[in-house]
Amino acid sequence: MSSSPSPQVWKYRLTLLLSLLILIPLGYFVRFYGGGTHWLSDFLGSVAYEIFWILLVLLIWPQASVSGVAIGVFLATCLIEFLQLWQLPILQALRSTFLGRLILGNVFSWKDFLSYFLGSIAGWFWGQSLHHRYSIKFYRN
């Protein structure tokens, strides 16, 4: 038997959705803005990328542990970074598309791990503050 989500969960989800609607264009702007230095655009874009995935997972599973989501997203993006070393034809075909390049990337860089780490921390703070604001109860395993 399932019950419908509480009004607090709906407010939490709406706030996450609004956060994503602000973060997505901001992340694209930072990543593709031509007026700054390339490394800074890449770094800040990767931070926004990490935050995006954390907030998206929390939007889908609002009662998930923010810490667990942040750690999971960090590990997943690190794995994706290492996949950039693997040049399988299927991965290359996916990377040749805009969406594939955004999700999978195309050049391995040790520097990206720092931006993933900092993005995970920022996403954790963002998600944690919303969890507390709306008094969302975590699922217990």
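Preceding block: the structure.
Conventions we followed
- Residues numbered from 1 in each chain as written.
- Predicted model: local features only at pLDDT ≥ 70, side-chain atom pairs only at ≥ 80, totals over all residues.
- Heavy atoms only, no water.
- Helix = DSSP H or I, 4+ residues; strand = E, 2+ residues; numbered from the N terminus.
- Buried < 20%, exposed > 50% of the residue type's maximum accessible area, 1.4 Å probe, protein only.
- Core = buried A, V, L, I, M, F, W, Y, C linked by side-chain atoms within 4.5 Å.
- Contact = heavy atoms within 4.5 Å.
- Polar contact = N/O pair within 3.5 Å; in protein donor to acceptor, adjacent residues only side chain to side chain.
- Axes fitted to C-alpha atoms, helices over the stretch in contact; angles between N-to-C directions.
- Parallel < 35°, antiparallel > 145°, perpendicular 65-115°, else oblique.
- Left-handed = near helix turned anticlockwise from the far one by under 90°.

A. Here's a closer look at the overall build of the protein chain. Summing up its helical and strand segments, the protein chain has six helices and zero strands in all. Helices (α) and strands (β) of the protein chain occur, in sequence order from the N terminus, as α-α-α-α-α-α. Its C-alpha atoms put the protein chain at 45 × 35 × 25 Å along the principal axes. Across the 141 residues in the protein chain, those meeting the buried criterion constitute 36%.

B. Highlighting the nonpolar core. Core analysis: the biggest nonpolar cluster contains 20 residues, and Y12, L16, I54, L55, L58 and V69 have the highest contact counts within it. Contributing elements (two or more residues each) for this core: α1 (7–32), α2 (38–60) and α3 (66–83). Here the element with the most residues in this core is α2; it accounts for seven residues. Those residues in contact with L16 that sit more than four places away from it in its chain are L55, L58, L59 and L130. Y49, L104, F108 and F113 belong to the second-largest nonpolar core, a separate cluster that totals eight residues.

C. Local environment of the side chain of T15. Structurally, T15 is set in helix α1. In terms of polar contacts, T15 uses its side chain to reach the backbone carbonyl oxygen of K11, at 2.8 Å. In this view, T15 contacts L130 and Y134; residues no more than four positions away in its chain are not counted.

D. How the structure looks around the packing of α3 against helix α6 (residues 112–133). At a minimum axis distance of 9 Å, the contact between α3 and α6 shows a crossing angle of 160°. One element, α3, and the other, α6, form an angle in the roughly antiparallel class. In this structure, α3 crosses over α6, and the sense of that crossing is right-handed. Facing α3, whose interface residues are V66, S67, A70, F74, T77, C78, E81 and F82, α6 presents D112, F113, Y116, F117, S120, W124, G127, Q128 and H131.

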